[in-house]
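Here are the chains, one letter per residue:
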Amino acid sequence: MKKWTLFPLAVVCLWPASALGQDSPKPDAVAQGSLNSKPALAKPKTISGKVGADGRTIVTAKNSLWTIANPDILKEHAGRQVRVKCQISSNAEANVIQILSVKIIPSEVKFTANPGDAAFRR
């Protein structure tokens, strides 16, 4: 019985709290916040591909060509498969990226014999 009497009381007390979140900010607060705020940077993306011979481009598996804004990072990895974390420039048509980090993808595949395989059971 007490539960049913407390429920309407709780609804009446919490109802105004839900209306507080719906207030719009004052125009002065919006104008000040926009002047002091910095533009948001895009999230870093991960691209995998082969570094060009000159270290200035990356070609992905889908044959898309990316030009590197800071090529000195990849000079020592020319001709190798890499995975880079980068930020794509705001001009998406140019396909220019800024490298943040580089990881080399191992190209060697090691095969081992498994005596439990069907080839060894004969």
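What you are looking at is a predicted structure, and each value in this text was computed from that prediction instead of being measured.

Calculation rules
- Residues numbered from 1 in each chain as written.
- Predicted model: local features only at pLDDT ≥ 70, side-chain atom pairs only at ≥ 80, totals over all residues.
- Heavy atoms only, no water.
- Buried < 20%, exposed > 50% of the residue type's maximum accessible area, 1.4 Å probe, protein only.
- Helix = DSSP H or I, 4+ residues; strand = E, 2+ residues; numbered from the N terminus.
- Pairing = 2+ DSSP bridges.
- Patch = residues over 30% accessible without salt bridge, like charges linked within 9 Å, V, L, I, M, F, W, Y side chains within 5 Å.
- Areas by Shrake-Rupley, 256 points an atom, 1.4 Å probe, with all protein chains shown as cover.
- Salt bridge = Lys/Arg side-chain N within 4 Å of Asp/Glu carboxyl O.
- Axes fitted to C-alpha atoms, helices over the stretch in contact; angles between N-to-C directions.

*Asks:* Can you break down the pairing of strand β3 (residues 65-68) residue by residue, with the values?
*Replies:* Going residue by residue along β3, you find Trp66 and Ile68 tucked away on one face and Leu65 and Thr67 left uncovered on the opposite face. Inspection of the sheet shows strand β2 (residues 57-59) paired to β3 by three bridges, in the antiparallel sense. By the bridge assignment, Thr57 is partnered in β3 with Thr67. Remark: five residues form the turn of the hairpin made by β2 and β3, two consecutive strands paired antiparallel; Asn63 in that turn has positive phi of roughly 60 degrees. Across two bridges, the pairing between β3 and strand β5 (residues 96-104) is parallel. Across the sheet, Thr67 pairs through a bridge with Val96, a residue of β5.

*Asks:* Break down a nonpolar patch on the surface for me, citing the residues and quoting the values.
*Replies:* A cluster of nonpolar side chains, namely Phe7, Val11 and Trp15, defines an oily patch on the protein surface of about 360 Å² accessible area. Structurally, Val11 can be placed in helix α1 (residues 2-20).

*Asks:* Before we move on, could you go through the sheet that holds strand β4 (residues 81-88) and cite the residues and values that matter?
*Replies:* One closed barrel accounts for five strands, arranged β1-β2-β3-β5-β4; its pairing is mixed. Each neighbouring strand pair of the sheet contributes to a mean axis angle of 55 degrees, computed without reference to strand direction.

*Asks:* How would you explain unusual backbone geometry if you had to name every residue and give the values?
*Replies:* Unlike most non-glycine residues, Asn63 shows phi in positive territory, near 60 degrees. Here Asn63 shows up in the loop between β2 and β3. For Asn63, a relative accessible area of 66% translates into the label exposed.

In short, shape yes, function no, at least from these values alone.
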